[in-house]
Amino acid sequence: QVQLVESGGGLVQAGGSLRLSCAASGSIFSINDMGWYRQAPGKQRELVATITNGGRTNYANSVKGRFTISRDNAKNTVYLQMNSLKPEDTAVYYCNADLRTARWGGLYDYWGQGTQVTVSS
């Protein structure tokens, strides 16, 4: 059993900052990519940022220069530092991890339960 538990969401004024965390736990052998996605009301889930286990990052154009993704491989944890937040960043943010539960097992996608981020104008 694998769990991804997010924390750090909340309500913030435009221009403010938040830091999201996501810890993966359970029967984990190894984790490849980790990332953050978000879904606003009435919209599809979209990629925010991803990071490989080697530290290579990828960002959506809408968050480049404002958000920073990082990870602590020893803690199986990924972070998202969000600065200069805008009302259009309001969404439920989901953590994602591609991982193996056994040495010779397949690579599977796991998702957290989501954390609400609300940016007021």
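In this report, we go over the structure that sits alongside the text.

Scoring rules and cut-offs
- Residues numbered from 1 in each chain as written.
- Predicted model: local features only at pLDDT ≥ 70, side-chain atom pairs only at ≥ 80, totals over all residues.
- Heavy atoms only, no water.
- Phe/Tyr/Trp six-rings, centres within 6.5 Å; stacked < 30°, edge-to-face > 60°.
- Helix = DSSP H or I, 4+ residues; strand = E, 2+ residues; numbered from the N terminus.
- Buried < 20%, exposed > 50% of the residue type's maximum accessible area, 1.4 Å probe, protein only.
- Lys NZ or Arg CZ within 6 Å of the ring centre and 35° of its normal.
- Pairing = 2+ DSSP bridges.
- Axes fitted to C-alpha atoms, helices over the stretch in contact; angles between N-to-C directions.
- Core = buried A, V, L, I, M, F, W, Y, C linked by side-chain atoms within 4.5 Å.
- Contact = heavy atoms within 4.5 Å.
- Disulfide = S-S within 2.5 Å.

Moving on, we get to the packing of aromatic side chains. With the rule as written, the count across this model stands at one aromatic pair. On the basis of an interplanar angle of 65° and a centroid distance of 5.1 Å, the ring pair of Y37 and W111 is categorised as edge-to-face. On the criterion of sequence distance, the pair formed by Y37 in strand β4 (residues 30-39) and W111 in strand β10 (residues 108-111) is long-range, its members being 74 residues apart. For W111, a relative accessible area of 36% gives the class partly exposed. Lying over the aromatic face of Y94, R45 brings its terminal NZ or CZ to 3.8 Å of the ring centre.

Attention now goes to the pairing of strand β3 (residues 18-26). Relative to β3, strand β1 (residues 2-7) runs antiparallel, the two being bridged by six bridges. Note that in β3 the partner of Q3 across the bridge is S25. Strand direction decides the pairing type here: β3 and strand β8 (residues 77-82), joined by six bridges, are antiparallel. Its bridge partner lying in β8, A23 is registered against T77.

A separate point is unusual backbone geometry. With the exception of glycine, the majority of residues adopt a negative phi angle, and the majority of peptide bonds are in the trans configuration. Despite not being glycine, N76 shows a phi value in the positive range, around 50°. Take N76: it is sitting in the loop between β7 (67-72) and β8. Relative accessible area serves as the criterion here: at 24%, N76 is assigned to the partly exposed category. A positive phi angle is found at S84, which is not glycine, with a value near 50°. Looking at the secondary structure, you find S84 in the loop between β8 and β9 (91-100). Taking relative accessible area as the criterion, S84 reaches 41% and is therefore assigned partly exposed.

Okay, the sheet that holds β3 next. Pairing within the open sheet is antiparallel, and its four strands lie in the order β1-β3-β8-β7. The open sheet has two edge strands, β1 and β7, and neither has a second partner. Averaged over neighbouring strand pairs, the angle between their axes works out to 15° when direction is ignored.

Of all hydrophobic cores here, the largest spans 30 residues; its most connected members are W36, L80, M82 and Y93. Elements with a minimum of two residues in this core: β1, β3, β4, β5 (46-51), β7, β8, β9 and β11 (115-120). Looking at this core, the element that brings in the most residues is β9, giving five residues. Ignoring anything within four residues of it in the chain, the contact list for L80 reads L18, R19, L20, W36, V48, A49, F67, T68, I69 and Y93.

This part is about the state of the cysteines. In total, this model carries one disulfide according to the counting rule given. Disulfide partner of C22: C95, at an S-S distance of 2.1 Å. Here the disulfide of C22 and C95 is left-handed, its torsion about the S-S bond being about -80°. Note that C22 is positioned in strand β3 and C95 in strand β9, a separation of 73 residues in sequence. The same class applies to C22 and to C95, which are both buried.

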